[in-house]
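So you can see what is in the structure, the chains are spelled out below.
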Amino acid sequence: SYGDGCTMSGKKDCITNIGGFLCMNDHDMYVRATGMVVQFEGMPSYGGLAGRDMEAMAIGITESVQYEYISYRVNQIRYLGEKLEAAGVPMVKPFGGHAIFVDARAFLDHLTQDEFPAQSLAAALYETSGVRTMERGIISAGRDVVTGKDHHPKLETIRLTIPRRVYTYAHLDFVADAVIDLYNRRKDISGLKWDYEPKVLRFFTGTFKTINPELIKG
């Protein structure tokens, strides 16, 4: 009753390896949507999901509204955010929910947005620590379909997403230490340029080269 519809990814709070759900309060739209499900996923009653995944999702939804779980989850994010904040790492604040969003433009203020600071930071963090993040900036924003030029969003961030009931506080300490170490050496991080840019969903399958091949290592 609070909106026209909603979607939910099963990979988040439901802790399923696939799937999600789509809800709407318009019957005609629902009929059209179920027709697409039949073509691409399966019958509307399971939408391409195995019974195991549907059962896991039902349990995950039930658990996700428990106070103890919500408190633990929010406090894990707070713990990571406060450690990074104490070291001066620029972030989107207030932090909370399911992720920390590091401000890549402020983190790598020696790079222009056309040098892909968020993608550069995500690559450097993975290369130096094995911590995998998600770019949310100019790469994700894509190109204008008319002009072909890149959209330049206001925010240029990497997302440190924390799945529930997966990581310990020791894991979060490792992530924080890796980000802080990189922040202290941030001027050594090179920008990136396209090596291969797919026409569709470029942030999933695109590849890049460093502008300066001496990308920070070690």
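Residues numbered from 1 in each chain as written. Predicted model: local features only at pLDDT ≥ 70, side-chain atom pairs only at ≥ 80, totals over all residues. Heavy atoms only, no water.

1. Side note on helix α3 (residues 67-86)
Inference 1: End to end, α3 covers 28 Å across 20 residues, agreeing with the expected 28 Å (1.5 Å per residue, within 8%).
Inference 2: Within the span of α3, buried status applies to Tyr-69, Arg-73, Gln-76, Ile-77, Leu-80, Gly-81 and Leu-84. All buried residues of α3 lie within an arc of 120° about the axis, which places them on one face of the element. Opposite the packed face of α3, turned more than 90 degrees from it, sit the exposed residues Tyr-67, Glu-68 and Ala-86.
Inference 3: Taken together, the buried residues of α3 touch α2 (51-64), β3 (99-103), β5 (157-161) and α7 (169-184).
Inference 4: Gly-88 sits one or two residues past α3 and shows a positive phi near 85°. (Helix = DSSP H or I, 4+ residues; strand = E, 2+ residues; numbered from the N terminus. Expected span 1.5 Å × (residues − 1). Buried < 20%, exposed > 50% of the residue type's maximum accessible area, 1.4 Å probe, protein only. Arc of directions from axis to C-beta. Contact = heavy atoms within 4.5 Å.)

2. Overview of the packing of helix α5 (residues 117-129) against α7
Geometrically, a packed helix pair is captured by the angle between its two axes and the distance between the axes.
Inference 1: It is the contact of α5 with α7, at a shortest axis distance of 10 Å, that shows an interaxial angle of 115°. Crossing of α5 over α7 shows right-handed handedness. Contact residues: Leu-121, Ala-124, Leu-125, Thr-128 and Ser-129 in α5; Phe-174, Ala-178, Val-179 and Leu-182 in α7.
Inference 2: Counted by class, the contact of α5 with α7 contains seven nonpolar, two polar and no charged residues. (Axes fitted to C-alpha atoms, helices over the stretch in contact; angles between N-to-C directions. Left-handed = near helix turned anticlockwise from the far one by under 90°. Nonpolar A, V, L, I, M, F, W, Y, C, P; charged D, E, K, R; others polar.)

3. What to know about unusual backbone geometry
Inference 1: The residue after Lys-93, namely Pro-94, is reached through a cis peptide bond having omega 5°.
Inference 2: With respect to the helices, strands and loops of the structure, Pro-94 is situated in the loop between α3 and β3.
Inference 3: You will see that Leu-201, though not glycine, has its phi angle at about 50°, which is positive.
Inference 4: Inspection of the secondary structure assignment puts Leu-201 in the loop between β6 (192-196) and α8 (202-205).

Purely geometric stuff here, so don't read any function into it on its own.
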